[in-house]
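Residue-level structure breakdown
Spelled out, the chains give:
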Amino acid sequence: MKEISCKLLVIGAGPGGYVCAIRAGQLGVDTVIVEGARPGGTCLNVGCIPSKALIHAADEYLKVREMAAGGDPLGISLDTPAIDLRKTVAWKDRIVGRLNTGVAGLLKKAGVKSVQGHAGFRDGRTVAVETETGEQVIRAENIVIATGSVPVELPFLPFGGKVISSTEALSLKAVPAALAVVGGGYIGLELGIAFAKLGAKVTVVEALPRILPLYDAELTRPVVKRLEALGISVLTGARAKGLSPKGDALVVEAAGGRTQEIAADHVLVTVGRRPATQGWGLEEIDLDLSGPFIRIDERCRTSMRGIYAIGDVTGEPMLAHRAMAQGEMVAEIVAGHRRSWDKRAIPAVCFTDPEVVSVGLSPDEARQAGAEVKIGQFPFSANGRAMTLQGEAGFVRVVARADNHLVLGIQAVGSGVSELSAAFALAIEMGARLEDVAGTIHAHPTQSEGFQEAALKALGHALHA
Ligand code: FAD
Ligand code: NAD
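Residues numbered from 1 in each chain as written. Chains lettered and ligands numbered in written order. Predicted model: local features only at pLDDT ≥ 70, side-chain atom pairs only at ≥ 80, totals over all residues. Heavy atoms only, no water.

1. Brief notes about the pattern of salt bridges
Test applied: What makes a salt bridge here is a side-chain nitrogen of Lys or Arg within 4 Å of a carboxyl oxygen of Asp or Glu, nothing more. Secondary structure elements follow DSSP: runs of H or I of four or more residues count as helices, runs of E of two or more count as strands, with numbering from the N terminus. Only protein chains enter the calculation, and the probe is 1.4 Å; a residue is then buried if its accessible area is under 20% of its type maximum, exposed if over 50%, and partly exposed in between.
Inspection of every chain in the model, using the stated rule, returns 19 salt bridges. Residue Glu60 is joined to Lys63 by a salt bridge in which the shortest nitrogen-to-oxygen separation is 3.1 Å. Pair noted here: Glu60 and Lys63 are both in helix H3 (residues 48–68), with a separation of 3 residues, about one helical turn. Under the relative-accessibility criterion, Lys63 is labelled partly exposed at 45%. For Glu253, the salt bridge identified is with Lys241, shortest N-O distance 3.5 Å. Taken together, the positions of Glu253 in strand S13 (residues 249–253) and Lys241 in strand S12 (residues 239–243) put the pair 12 residues apart, joining distant regions of the chain. Classification of Lys241 by relative accessible area gives partly exposed; the value is 43%. It is possible to trace a salt-bridge network through shared partners that takes in Arg23, Glu328, Glu332 and Arg339.

Right under this line is the structure:
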């Protein structure tokens, strides 16, 4: 048995853990990071990055299919296209591999010691790691739990065989002829749309009355329209019940109680993720929980002194950039800096078609918080750049306080709007008022002009609408 000691031990090298370790290393903190699988965590290996790679491949394939079907407005034509999903997946895996190596390299450059293996708490200062070469005991003054999350399994649709999670969906060897998706949230829609574009007949089963319930109905309407255009069937207010006796269909209780069977080669279950709080000795340290998550304060401190928790294991929103921001903050706290969570907003982006972005408060949330609001909404159908990109669906919406015009929230739906999320988040973080956004010169022709126009509209004098 080997033993080492350090000032900071990070468990889990996802976006939360690896960012924490890199920043701590940069600050000269003697840091060790333990990872049971591959550097980069869910996000880099089976989440954000591979899903966006598949979404991009699906977009490209749909473009050429539409060209081959004739009637392309740009005048491009070609012969029958085909896709070899094995090659697509191999391309995606090469991107993931490059990023794995990149994260490992960044950790090394920052002077962080990486240990490969599954970590388990012995007590509040000691962790034992099962490595390939035997047990490694690590004693640390501070420990950061960054163990992430895992997909929620439905008891009547356990993962295995036909029933898959996003992890398997991102590495299929062929495009399924028919795909049933249980859960019309982030993953179900991002991947459901991608597989429809790749040629699968996709049906989405959502328990609530509408898809993407996290966002307001106006914001998701262009997505609903696009799902229709792509031939995706959406059953809302419907509940999956299990596989049919033959195993070739998903049994669904549709709205109104009627039972229906949906033929499916694969059933992709995307009904949320749960914090990874099992299998590493939580019981040994007896931390307080908040629901299923580890309870943390504004410095990501848990109920035990010297133990921090960051990322998906600590709660919603389970997003990579929240995990990274927490990781960076905790590293600085351990290095002795005075830091606490002071972010005004965490942008949320759904990479559907069209994409959806929300930063800060929606109109209803702002009203519920007691604010009298001014709202400006600018459609991409009036934006020249959106037209040249065939992206006229959607809009930018700005929500501001009526009295002093402080921007409270910014939302957008449209092709490529994920890239506008930076400007939106910056505006809110900097405490921008409508006049600040309206008075900033936005380059022409860009979709970002829609942001300026939405602010102008809220002020009552949009120029192009
Ligand atoms: P994770 O990334 O889950 O990393 C935790 C790591 O800890 C894992 O590598 C795990 O192996 C390791 N670990 C766990 N227990 C132990 C142990 N006992 N010992 C050693 N190692 C351990 N978020 C976005 O912001 N944008 C997106 O576009 C996006 N797309 C997504 C698409 C999909 C399909 C999925 C599934 C998720 C997506 N997410 C996205 C969510 C994002 O992946 C998570 O929010 C993010 O990965 C959380 O980071 P984390 O560091 O908390 O945990
Ligand atoms: P989700 O919470 O986004 O969506 C789950 C959906 O399943 C909800 O709409 C819910 O009403 C529905 N549902 C729950 N039980 C059901 C049932 N029995 N039958 C039918 N529908 C049911 O969860 P997800 O899509 O699994 O994603 C998990 C998390 O991963 C997200 O919450 C998000 O934090 C993260 N993620 C983020 C991105 C991104 O940032 N672009 C992309 C993918 C995943």
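2. Let's talk about the sheet that holds strand S9 (residues 178–182)
Formally: The pairing criterion for strands is at least two bridges between them, as found by DSSP. Working rule for contacts: check all heavy atoms of both residues, and any pair within 4.5 Å makes them a contact. Only the stretch in contact is used when a helix axis is fitted, and all axes are lines through C-alpha atoms; the angle between N-to-C directions ranges over 0 to 180 degrees.
Read from one edge of the open sheet, 5 strands run S8-S15-S9-S10-S11, paired in parallel fashion. Looking along the sheet, the strands with just one partner apiece sit at the ends: strand S8 (163–164) and strand S11 (233–236). Examined bridge by bridge, S8 and strand S15 (residues 266–269) share 2 bridges and lie parallel to one another. Paired with Ile164 across the strands is Leu268, a residue of S15. Packing against the sheet, helix H6 (residues 186–198) makes contact with S9, strand S10 (201–206) and S15, and its axis sits at approximately 165° to S10.

3. Structural notes on the domain arrangement of the protein chain
The condition that has to hold: Each domain's limits were defined by an automated method or a database of domain assignments. Here the buried area means the combined drop in accessible surface, using a 1.4 Å probe, for two parts upon being joined, counting both sides. Whenever two N or O atoms come within 3.5 Å, that pair is a polar contact, provided that in protein one can donate a hydrogen and the other can accept it, and provided that, for residues adjacent in sequence, both atoms are side-chain atoms.
Domain annotation of the protein chain identifies domain 1 (4–46 + 89–150 + 274–334), domain 2 (163–271) and domain 3 (348–459). Relative to domain 2, the C-alpha centre of domain 1 lies at a distance of 33 Å. With 4 residues of domain 1 at the contact, the number on the domain 2 side is 6 residues. Across the domain 1/domain 2 interface, buried area totals approximately 370 Å², and carbon plus sulfur atoms make up 58% of it. Area buried by domain 1 at its contact with domain 2 is led by Val46, Val89 and Lys92, which between them contribute 86% of it. Seen at the junction of domain 1 and domain 2, the total is 0 salt bridges. Our enumeration of links across domain 1 and domain 2 arrives at 2 residue pairs in polar contact (both at pLDDT 80 or more).

4. Comments concerning the environment of Cys350
Relative to the helices and strands, Cys350 resides in strand S20 (residues 348–350). Not counting residues up to four positions away in its chain, the partners in contact with Cys350 are Tyr186, Glu190, Leu212, Tyr215, Glu355 and Val356.

5. Some details on the pairing of S11
Test applied: A clockwise course of the path from the first strand over the helix to the second, judged with the strands pointing away from the viewer, identifies a crossover as right-handed.
Where S10 lies against S11, 4 bridges are found, and the strand directions are parallel. Of the residues in S11, the one forming a bridge with Val205 is Leu235. Following the backbone out of S10, through helix H7 (residues 217–229) and into the adjacent parallel S11, one traces a crossover that is right-handed.

6. Describing the site of ligand 1
What counts here: Proximity criterion: a residue is near a molecule or strand once any of its heavy atoms comes within 4 Å of it. Calculation of accessible area relied on Shrake-Rupley with a 1.4 Å probe; when residues are assessed, cover is drawn exclusively from the protein chains displayed.
Among the 36 residues in the neighbourhood of ligand 1, the closest are listed as Glu35, Thr42, Lys52, Ala119 and Asp312. Pro15 has a polar backbone atom sitting 3.4 Å from an oxygen atom of ligand 1. Here Gly36 contributes a backbone N or O atom positioned 3.0 Å from a nitrogen atom of ligand 1. Within the complex, the protein chains bury 91% of what would otherwise be the 1,000 Å² of accessible surface of ligand 1.

7. A closer look at the site of ligand 2
The full set close to ligand 2 counts 22 residues, and Ile187, Glu190, Glu206, Met318 and Val349 are the nearest of them. A distance of 3.0 Å is found between an oxygen atom of ligand 2 and a backbone nitrogen or oxygen belonging to Tyr186. Taking Ala207, its main chain carries an N or O atom lying 3.2 Å from a nitrogen atom of ligand 2. In the complex, the protein chains occlude 81% of the 840 Å² of accessible area that ligand 2 would expose alone. Among the elements of the structure, H6 and S10 are those that each provide at least two residues to the shell around ligand 2.

8. As for the nonpolar core
To keep things clear, this is the line we draw: Residues grouped as a nonpolar core are buried Ala, Val, Leu, Ile, Met, Phe, Trp, Tyr and Cys residues, joined through side-chain atoms within 4.5 Å.
Formed by 38 residues in total, the largest nonpolar core has its most connected members in Leu54, Phe195, Val202 and Ile232. If you list the elements that add at least two residues to this core, you get H3, helix H4 (85–109), S9, H6, S10, H7 and S20. Sort the elements by how many residues they give to this core and H6 lands first, with 7 residues. Residue assignment places this core across two domains, with domain 2 (163–271) and domain 3 (348–459) each supplying three or more.

9. Observations concerning helix H14 (residues 449–458)
For H14, the tally of buried residues reaches 9 of 10 residues, placing the bulk of the element in the interior. All of the buried residues in H14 are Glu449, Gly450, Phe451, Gln452, Glu453, Ala454, Ala455, Leu456 and Ala458. Those residues of H14 hidden inside the fold are in contact with strand S22 (373–379), strand S23 (395–401), strand S24 (407–414), helix H12 (421–429) and helix H13 (434–438). Phi for Gly460, located one or two positions after H14, is positive at around 95°.

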